[in-house]
Amino acid sequence: MTLLSATGLQTVYGEGCSRCIESTGDRAGTNQCPHCGSVVACAEADLSVREGEVLGIVGESGSGKSSLAEQLALERDPDATTTGMVDYDGYDGNLLAVDYETRHDLRTSDIALVHQHIRDGLNPEFTGGGNVAEKLLSAGWRSYEDVRDRVQELFEATEIPVDRMDDPTSTYSGGMQRRVQIARALATDPELVVLDEPTTGLDVSVQARVLDMFRQVQREEGVACVVVSHDLGVVRLLADRTLVMRHGRIVESGLTDRVMEDPHHEYTQTLINSVI
Amino acid sequence: MTDQIMTDEPPETVEYQLRTADESSVATDGGTTVSSDTVDGETDAVDATLDALESDGLSGYNYAYLDEHTKREVRRSMLKAVAIPGHQVPYASRPMPLARGWGTGGIQASLSILGPDDRFKVIDQGADESVNAANIRRLAENTAEIETTTDTTDADLIQTRHRIPEEVLTDDQILVLQVPITDALRKVDPSDAANRRRHAHKNYGKMWVHLYENVVEWGEINISSRYPTMVGGRYLMDPSPIPRWDVPKLDDADNLFVFAAGREARIYAVPPHTDVEPLAFSDREFTVERFGGQSCHACGSTDTYLVEVSEEAGDTDRETNNTDREFETRYACNDSSFCAKRRENPELPKDHHLDRGGVDWGPKTASETTGSRKTAAGKTKSPGGEAE
Amino acid sequence: MTALTVDGLSKTFDMHVLGDTQVVGLDDVSFDVREGEFLAVVGASGSGKSSLLKCLYRTYDPTGGRVVYHRNALVDSSSDNSSDNSSVDLASCDDQTVIGLRNTAIGYTSQFLDEIPRVPAVDVVSRPLREQGVPAEEARQRARELLSRLRLPEELWEAYPATFSGGERQRVNLAQALAPKPDLLLLDEPTSALDPDTRQAAIDLLREYLDADTTVIGVFHNTAVIEAVADRVVMLEDGQLQGVVPVDDYDGEVVR
């Protein structure tokens with residue numbers, strides 16, 4: 001059943017004008033409006049995610065994939081003007097328009113974001129366990145032992161050595177920090193996890209294990225997921241369906257293997273053929 | 001407490017008049033130009049001016065030192081603070097004849113609400129006799145013409161630094177606490193802007209992580225002062241550097257607590273009968289200090305907050321000037337005025353001055369039904385009847 | 001009963017990168033598949049065999065025709081389609097329905113193992129079982145049984161397939177496809193790199209491991225394998241169906 005259904009998602013940086021949308025996008029070949037200079041990071045984006053499903057979003061830099069992911073994760077960028085409608089299971093009205101409290105509750109319990117840059121997602125001074133515990137404590141957990149048990153459970157599931165639980169996060173390797181982010185995202189059993197470029201900063205040898213770990217946890221817990229990546233391999237590994245973005249627009253969507261092996265759109269064909 | 005706010009008289013203002021010499025010009029803000037021709041004449045004029053100052057100086061101050069506008073602002077901030085328990089209300093903190101960090105907030109709060117019929121007690125770390133407490137008391141005596149006392153049960157207003165008195169306070173008493181750092185969240189984030197947002201949205205996750213990490217490191221919450229507490233289930237409050245021992249006294253008390261900071265320019269309050277709960281985990285509870293079975297060497301109390309006193313043992317050997325002396329550690333009540341009472345009457349309960357029975361306030365307050373002091377066992381019982 | 005009805009299936013590729021050249025993969029292919037049947041698909045290279053399987057699995061979007069899958073009583077609960085409707089056109093149904101069917105009913109394997117790096121062989125094979133909800137240890141046990149039957153040396157079970165030979169990888173691949181016992185199994189040359197003994201083991205496995213009502217459509221080159229396992233043979237040439245004959249009538253040549 002459908003968990004999230006979004007229509008007309010749009011993020012614009014700058015003042016914007018009446019011709020922004022028609023002057024940008026795939027056919028225009030740019031995401032910057034030639035009339036007013038505003039950047040249309042993403043526009044006219046419709047998508048849906050079902051319970052337990054993984055949706056991939058691929059594109060190159062400037063494609064708008066991160067802006068789209070941030071909108072879905074209810075991040076607010078004070079410099080951007082965001083519009084659109086998100087219909088979310090169990091909530092009335094537009095999820096993008098809810099008040100601060102509701103948004104905070106959603107982001108604590110239902111929708112989690114794994115930031116591209118670790119510094120945005122973790123507090124390096126807290127212990128690894130503390131970073132994960134923060135999610136639980138913000139959600140109202142008040143038993144120390146319960147929090148410890150759950151943190152340990154998450155460390156095991158994300159394959160972080162439990163004996164490092166009480167070390168400062170700044171002493172962890174990049175791969176371990178990424179795992180802590182994932183553990184933290186999964187702490188309160190969210191319905192949706194948004195992964196923004198999950199392989200950033202990871203060595204190649206570490207990437208595969210982290211992704212495979214996430215895939216296993218995702219399947220076992222039935223967590224829906226939106227994975228944003230410029231790396232087709234990442235999306236191929238994790239996603240059931242994929243969107244291809246270019247110049248702020250979705251140019252193609254479909255089953256991941258279909259998009260990769262039978263690309264329809266000219267840009268997608270170029271993209272697929274460019275993979276080394 | 002005072003009806004200054006309703007006065008018909010215009011506020012008294014201070015006016016200085018410096019006598020002018022023949023050729024010098026004087027500005028009323030005190031600047032005086034002196035011409036070199038008439039130095040001797042000038043000196044006389046200046047001396048006379050200074051003499052005049054000494055006699056006019058104090059009588060030129062407004063009642064209770066502060067001008068009425070300042071008092072009005074402080075009172076208004078206090079009312080706001082009372083209306084929103086635990087919420088920090090900014091106010092324009094004035095320069096005081098005391099350095100910042102020495103109780104300028106507390107003084108402004110006290111002086112704003114003292115009236116000529118009030119009795120004022122000042123303590124610093126539990127002692128009336130400390131230099132700081134004495135100076136503050138003297139300022140109030142001189143400028144507000146009030147009587148002062150060391151007896152907690154006899155005071156209308158008590159200003160305190162870092163302690164709440166042992167004796168139970170009543171509904172016609174106010175306790176003003178001196179506060180160095182007003183925001184409990186300062187420990188977890190130095191950014192005031194971010195913390196204000198957190199308070200606004202009751203977003204205290206970071207403090208809870210701080211407590212979690214504390215337990216990870218020490219096995220229990222070992223925060224000793226400025227213990228984070230929830231007021232009215234809504235605002236996280238820093239109760240000022242009072243010991244944990246005193247924190248339960250804030251919960252469902254009969255009196256008003258006012259917290260004032262001069263340097264940080266904030267006032268907050270805990271009104272009577274407010275729910276105040278120290279943060280703790282359900283399985284790592286809040287506990288007060290333990291004194292390991294020690295008692296006060298002067299009065300024998302085992303249910304008051306004790307401090308260590310290091311004293312020379314025995315007599316000094318004056319003739320031999322023996323500098324190799326042994327020091328022994330003894331314990332003494334921190335609340336010196338209550339200790340003095342207990343020296344007279346060791347069985348004196350903390351609510352001896354109240355008619356009604358069964359008052360249970362603060363750690364180990366005797367209740368009428370049991371009739372005797374409970375021994376300090378390291379656990380606290382709050383007035384709500386909550387067992388720990 | 002009929003498991004699958006392929007009706008006028010066509011696939012044309014629009015190659016924008018080649019100046020919008022159109023390439024015909026399949027042209028008006030029609031045939032039925034009975035439940036429990038083992039159908040072999042044969043034809044020369046480029047005849048459309050892989051394209052056919054990929055169109056059935058929806059890795060390719062057909063450009064014409066229908067692929068009607070007649071589901072059995074165990075309907076996947078992830079689909080929004082009502083449970084009364086037991087038929088679905090795989091060529092045109094929405095993506096989510098396809099995902100649901102792939103998770104529960106339809107399996108596919110290409111000849112090249114799509115392995116995830118740094119996952120041991122036994123976990124590659126046990127993964128689909130764990131995704132079905134089988135407890136981890138039981139899933140691994142069943143995986144080991146399959147690998148054993150396909151004669152993969154035991155010392156390789158915990159090793160990473162990236163360093164395996166082609167034949168070893170194919171064994172892992174086949175085991176992975178068979179493990180969840182789907183209702184409809186699509187195999188694309190699963191035995192091409194196997195030595196004769198292992199091929200025989202694979203044949204035995206295909207015959208014994210799968211349930212009687214499992215439907216298999218497989219692309220094979222090896223006539224001996226086809227004769228050993230298939231019921232009927234679908235013959236393709238240049239994307240067009242040449243005919244469907246019982247295996248006994250198939251002699252290894254394309255019948256005109």
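- With an unreviewed UniProt entry as reference, chain C is termed Alpha-D-ribose 1-methylphosphonate 5-triphosphate synthase subunit PhnL, source organism Halohasta litchfieldiae.

- For chain B, an unreviewed UniProt entry supplies the name Alpha-D-ribose 1-methylphosphonate 5-phosphate C-P lyase and the organism Halohasta litchfieldiae.

## Some details on the overall build of chain B
So, step 1. The helix and strand tally for chain B stands at seven helices and 12 strands.
So, step 2. Here chain B holds 388 residues, and the buried ones make up 49% of them.

## Some remarks on empty space enclosed by the protein
With a probe scaled to a water molecule rolled over the atoms, the places where space remains empty come into view.
Residues and elements named next belong to chain C.
So, step 1. A complete count under the given rule lists four cavities of 30 Å³ or more for this structure.
So, step 2. Looking at the largest cavity, its volume works out to about 90 Å³.
So, step 3. Residue lining of the largest cavity: 11 residues in total, with Ala 3, Glu 35, Tyr 69, His 70 and Asp 183 positioned closest to the centre.
So, step 4. Elements represented by at least two residues in the lining of the largest cavity include exactly β1 (2-15) and β4 (64-70).
So, step 5. The residue makeup of the lining of the largest cavity, split by class, is four nonpolar, four polar and three charged.

## What to know about the packing of helix α3 (residues 121-131) of chain C against helix α5 (residues 166-178) of chain C
Residues and elements named next belong to chain C.
So, step 1. Two elements in contact, α3 and α5, have axes separated by 7 Å at closest approach and are oriented at 20 degrees. As far as their axial angle goes, α5 and α3 are roughly parallel. In this structure, the crossing between α3 and α5 has a hand that is right-handed. Counting all contacts with α3, which are made through Ala 121, Val 124, Val 125 and Pro 128, the residues of α5 involved are Val 172, Ala 175 and Gln 176.
So, step 2. Residues that form the contact of α3 with α5 fall into these classes: six nonpolar, one polar and no charged.

## With respect to the nonpolar core
One broad trend across soluble globular proteins is that nonpolar side chains are buried collectively.
So, step 1. In terms of nonpolar packing, the biggest core is built from 146 residues, with A:Val193, A:Leu238, B:Phe257, B:Phe259, B:Phe281, C:Ile226 and C:Val233 touching the most fellow members.
So, step 2. Counting residues in hydrophobic clusters, the runner-up holds 34 residues, among them C:Val6, C:Val98, C:Leu186 and C:Leu236.

## Notes on the sheet that holds strand β8 (residues 215-219) of chain C
Residue and element names in this part refer to chain C.
So, step 1. Pairing within the open sheet is mixed, and its six strands lie in the order β6-β7-β8-β3-β9-β10. In the strand order of this sheet, the two ends are held by β6 (106-109) and β10 (240-246), each with one partner. The sheet shows a mean angle of 15 degrees between the axes of neighbouring strands, taken without regard to direction.
So, step 2. Examined bridge by bridge, strand β3 (residues 38-42) and strand β9 (residues 232-237) share four bridges and lie parallel to one another. Bridge pairing in β9 places Leu 39 opposite Arg 232.
So, step 3. Helix α1 (residues 49-57) contacts β3, β6, β7 (184-188), β8 and β9 of the sheet and is inclined by roughly 150 degrees relative to β7.

## A word on the packing of aromatic side chains
Think of a pair of aromatic rings as described by two things: how far the centres are apart, and how the planes are tilted against each other in angle.
So, step 1. Counting across every chain of the model gives 12 aromatic pairs over all chains.
So, step 2. On the numbers, 6.0 Å between centres and 55 degrees between planes, the contact of A:Tyr88 with A:Tyr91 is tilted.
So, step 3. Given a relative accessible area of 27%, A:Tyr91 falls into the partly exposed group.
So, step 4. With 6.0 Å between their ring centres and 35 degrees between their planes, C:Phe38 and C:Phe220 make a pair best called tilted. Residue C:Phe38 is located in strand β3, and its partner C:Phe220 is located in the loop between β8 and α7 (223-229); the two are separated by 182 residues in the primary sequence.
So, step 5. Taking relative accessible area as the criterion, C:Phe38 reaches 7% and is therefore assigned buried.

## Digging into helix α4 (residues 131-144) of chain B
All names here are of chain B.
So, step 1. For α4, with 14 residues, the first-to-last C-alpha span of 20 Å sits near the 20 Å given by 1.5 Å per residue.
So, step 2. Turning to α4, the residues buried within the fold contact α3 (104-113), β2 (119-124), β3 (147-148), β4 (157-161) and β5 (174-178).
So, step 3. Two residues or fewer after α4 comes Glu 145, characterised by a positive phi angle close to 50 degrees.

## A few points about the confidence of the model for chain C
So, step 1. Looking at chain C, pLDDT values average 86 and 92% of them are 70 or higher.
So, step 2. For chain C, the element scoring lowest by mean pLDDT is helix α6 (residues 196-209) of chain C, at 85; α1(C) scores highest, at 94.

## Section: the sheet that holds strand β10 (residues 276-278) of chain B
Residues and elements named next belong to chain B.
So, step 1. Pairing within the open sheet is antiparallel, and its three strands lie in the order β7-β6-β10. A strand with exactly one partner marks an edge of an open sheet, and here the two such strands are β7 (235-237) and β10. Across the sheet, the axes of successive neighbouring strands diverge by a mean angle of 30 degrees, strand direction being ignored.
So, step 2. Pairing between strand β6 (residues 229-231) and β7: three bridges, direction antiparallel. Bridged to Val 231 within β7 is Tyr 235.

## With respect to the interface of chain A and chain B
So, step 1. Opposite the 21 residues of chain A that make contact, chain B presents 14 residues.
So, step 2. Interface area for chain A against chain B, summed over the two sides, is near 1,700 Å², with a carbon-plus-sulfur share of 60%.
So, step 3. If you look at where chain A meets chain B, you find one salt bridge.
So, step 4. With a shortest N-O distance of 2.7 Å, B:Arg284 and A:Glu145 are connected by a salt bridge.
So, step 5. Here chain A and chain B share eight residue pairs in polar contact (both at pLDDT 80 or more) between them.
So, step 6. Looking at the side of chain A that touches chain B, the elements that each hand over two or more residues are α3 (100-109), α5 (128-138) and α6 (144-157) of chain A.
So, step 7. The residue inventory of the side of chain A that touches chain B, partitioned by class, reads seven nonpolar, seven polar and seven charged.

## Considering the confidence of the model for chain B
Residues and elements named next belong to chain B.
So, step 1. Averaged over all residues, the pLDDT of chain B equals 81, while 74% of them reach at least 70.
So, step 2. Overall, residues 1-7 carries pLDDT values under 50, and its contacts beyond four positions in sequence, including any with other chains, amount to 16 contacts.
So, step 3. Here residues 9-37 is a poorly scored stretch, pLDDT under 50, and it has 28 contacts once near neighbours within four places are set aside; other chains count.

About the criteria used
Residues numbered from 1 in each chain as written. Chains lettered and ligands numbered in written order. Predicted model: local features only at pLDDT ≥ 70, side-chain atom pairs only at ≥ 80, totals over all residues. Heavy atoms only, no water. Helix = DSSP H or I, 4+ residues; strand = E, 2+ residues; numbered from the N terminus. Buried < 20%, exposed > 50% of the residue type's maximum accessible area, 1.4 Å probe, protein only. 1 Å grid on protein atoms, 1.4 Å probe; cavity = no way out; pocket = protein on both sides within 12 Å on 5 of 7 lines; lining within 4 Å. Points joined across faces, edges and corners; volume = space filled by probe spheres on them. Nonpolar A, V, L, I, M, F, W, Y, C, P; charged D, E, K, R; others polar. Axes fitted to C-alpha atoms, helices over the stretch in contact; angles between N-to-C directions. Parallel < 35°, antiparallel > 145°, perpendicular 65-115°, else oblique. Left-handed = near helix turned anticlockwise from the far one by under 90°. Contact = heavy atoms within 4.5 Å. Core = buried A, V, L, I, M, F, W, Y, C linked by side-chain atoms within 4.5 Å. Pairing = 2+ DSSP bridges. Phe/Tyr/Trp six-rings, centres within 6.5 Å; stacked < 30°, edge-to-face > 60°. Expected span 1.5 Å × (residues − 1). pLDDT = per-residue confidence, 0-100. Buried area = accessible area lost by both parts, 1.4 Å probe. Salt bridge = Lys/Arg side-chain N within 4 Å of Asp/Glu carboxyl O. Polar contact = N/O pair within 3.5 Å; in protein donor to acceptor, adjacent residues only side chain to side chain.

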